[in-house]
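Descriptive analysis of the structure
Read off the chains here:
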Amino acid sequence: MTKKTILITGAGSGLGKGTALGLAAKGHKVIAGVHKWEQKSRLIEDAKKAGVQDNLEIIKLNILDIMDCQKAWEYDVDILVNNAGIGHSGPVSEMPVGLIREVMETNVFSNLEFAQPFIQKMVKRGSGKLVFVSSVAGLSTTPYLGAYNASKHALESIVQSLRDELTPMGLTVATINPGPYDTGFNDRMYDSYAQWFDEDVHFTPLKNIEAAAKKMAENQFDPKAMIEKMIEIIPQESHDFRTILPTDFVAMCKEYQETQYKIQSDTVDPSKK
Ligand SMILES: NC(=O)c1ccc[n+]([C@@H]2O[C@H](COP(=O)([O-])OP(=O)(O)OC[C@H]3O[C@@H](n4cnc5c(N)ncnc54)[C@H](O)[C@@H]3O)[C@@H](O)[C@H]2O)c1
Ligand SMILES: O=C(O)C(=O)C[C@H](O)[C@H](O)CO
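The name an unreviewed UniProt entry gives the chain is 2-dehydro-3-deoxy-D-gluconate 5-dehydrogenase, with Kordia antarctica as the organism. In its Sequence similarities (unreviewed entry) section, the UniProt record describing the chain reads: "Belongs to the short-chain dehydrogenases/reductases (SDR) family."

Encoded structure:
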């Protein structure tokens, strides 16, 4: 496989960091965009330990910061991996809408805004690949993750539009849809409702939110397999538009969609009870 120049956002931790290090180890030239300066220091150390520092350029890249974005837009890349993401938890019926906006701003608007100048260069060249790290949460919903679900569902439809607009121009567009992986992301997301939720003020039973958080905490997978899959497919010329892992989540997502056509308006999705 020819060596590629690959820029990854949110590469300072979790799936993005593992993927950046793994792609560099395979000989690709990786530009690892890290959100925070501390993440940069840690990634420099990890890259040295892995012996991949020559293939890994680390840049400070908060996709909400125009100065960071402008610096990143100077690079010419074969592949852009839009991996940066955040989440907030809590019932959408009571959640401050500003928090939902915050999630949409990062996961949807800023991801697209950051990608657009790269898209322009790729179209001019007639080649290039865009990979968006969406989620199983973009194809189904989970109690008290409505804000995050909304963002990944929106991202899904944006990426489908990009695919249909850009494939005829020589670009490749794909999503990666992880299930629940133990990177700390989900735990942080489920911690966040406690910043504003007050049992004495809000009507949602706290025990229901706690039960959903516990269920998530107890059902997460080792991120190693997901990172390996990302390292495998990101540099490939052609593969499925959507990569869902673990693979049994494919059936779960399809069943979720089917259920929406079957349930009555006065019924809760049985999987959510
Ligand atoms: N862990 C999971 O179970 C899981 C499942 C499905 C999808 N995902 C998605 O995978 C991606 C990576 O998540 P992760 O699990 O590795 O968690 P993570 O928190 O380790 O990674 C997210 C990264 O994005 C960065 N980030 C946040 N806001 C940013 C911004 N404004 N600019 C640049 N970077 C920013 C964070 O600093 C962090 O490094 C996210 O998009 C997440 O939604 C994760
Ligand atoms: O996107 C995430 O962080 C997830 O962990 C997605 C989960 O797999 C999903 O919400 C649970 O079905």
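Another point: the overall build of the chain. Counting its secondary structure elements, the chain contains 9 helices and 7 strands. By the compact-globule yardstick of 19 Å for 273 residues, the chain fits well, its C-alpha radius of gyration being 19 Å. Dimensions along the principal axes, computed over C-alpha positions, put the chain at roughly 55 × 40 × 35 Å. For the chain, the residues scored as buried account for 50% of the 273 residues in total. Long-range pairs, those at least 24 residues apart, make up 74% of the contacts in the chain between residues at least 6 apart in sequence. Roughly 13700 Å² of accessible area belongs to the chain as shown, and the carbon and sulfur atoms make up 53% of that amount. Charge centroids of the chain, computed over 30 positive and 35 negative side chains, lie 5 Å from each other.

Residues in contact with ligand 1 amount to 28 residues; listed here are only the nearest, Ser13, Leu15, Tyr148, Tyr181 and Thr183. Here Gln39 contributes a side-chain N or O atom positioned 3.1 Å from an oxygen atom of ligand 1. Here ligand 1, which alone exposes 810 Å², has 96% of that area covered by the protein. Mapped by element, the contributors of at least two residues to the shell around ligand 1 are helix H1 (14–25), helix H5 (146–166) and helix H6 (185–191). In terms of residues, the shell around ligand 1 owes the most to one element, H6, which gives 3 residues. In terms of residue class, the shell around ligand 1 is built from 12 nonpolar, 14 polar and 2 charged.

Turning our attention to the site of ligand 2. In the region of ligand 2, the neighbouring residues are Ser135, Val136, Ala137, Thr142, Tyr148, Gly179, Pro180, Phe185, Asn186, Met216 and Met252. Taking 330 Å² as the accessible area of ligand 2 by itself, protein coverage stands at 90%.

What follows deals with the nonpolar core. Counting 29 residues, the largest nonpolar core has Ile8, Leu56, Val81 and Ile234 as the members making the most contacts within it. Taken together, the elements giving at least two residues each to this core come down to strand E1 (5–8), H1, strand E2 (29–34), helix H2 (37–50), strand E3 (56–60), strand E4 (79–82), strand E5 (128–133) and helix H8 (223–233). Here Val81 is in contact with Ile6, Leu7, Ile8, Thr9, Val131, Val133 and Ile234, once residues within four sequence places are set aside. Of all hydrophobic cores here, the second largest spans 25 residues; its members include Leu61, Phe114, Leu171 and Phe241.

Turning our eyes to something else, we now look at H1. Because the α-helix completes a turn every 3.6 residues, residues three or four places apart line up on one side. Helix length check: H1, at 12 residues, gives a terminal C-alpha distance of 17 Å against a target of 16 Å (1.5 Å per residue), a fit within 8%. Burial analysis of H1 places 10 of its 12 residues in the buried class, the great majority of the element. By the burial criterion, the buried members of H1 are Leu15, Gly16, Lys17, Gly18, Thr19, Ala20, Leu21, Gly22, Leu23 and Ala24. Where H1 is buried, its residues meet E1, E2, H2, E3, strand E6 (171–178) and H8. Downstream of H1 by one or two residues, Gly27 has phi in the positive range, about 100°.

About the thresholds
- Residues numbered from 1 in each chain as written.
- Chains lettered and ligands numbered in written order.
- Predicted model: local features only at pLDDT ≥ 70, side-chain atom pairs only at ≥ 80, totals over all residues.
- Heavy atoms only, no water.
- UniProt positions renumbered as here; feature names shortened; annotations may be inferred.
- Helix = DSSP H or I, 4+ residues; strand = E, 2+ residues; numbered from the N terminus.
- Rg over C-alpha atoms; globule rule 2.2 N^0.38 Å.
- Buried < 20%, exposed > 50% of the residue type's maximum accessible area, 1.4 Å probe, protein only.
- Contact = heavy atoms within 4.5 Å.
- Areas by Shrake-Rupley, 256 points an atom, 1.4 Å probe, with all protein chains shown as cover.
- Lys, Arg positive; Asp, Glu negative; His and termini not counted.
- Charge placed at Lys NZ, Arg CZ, Asp CG, Glu CD.
- Near = heavy atom within 4 Å.
- Polar contact = N/O pair within 3.5 Å; in protein donor to acceptor, adjacent residues only side chain to side chain.
- Nonpolar A, V, L, I, M, F, W, Y, C, P; charged D, E, K, R; others polar.
- Core = buried A, V, L, I, M, F, W, Y, C linked by side-chain atoms within 4.5 Å.
- Expected span 1.5 Å × (residues − 1).

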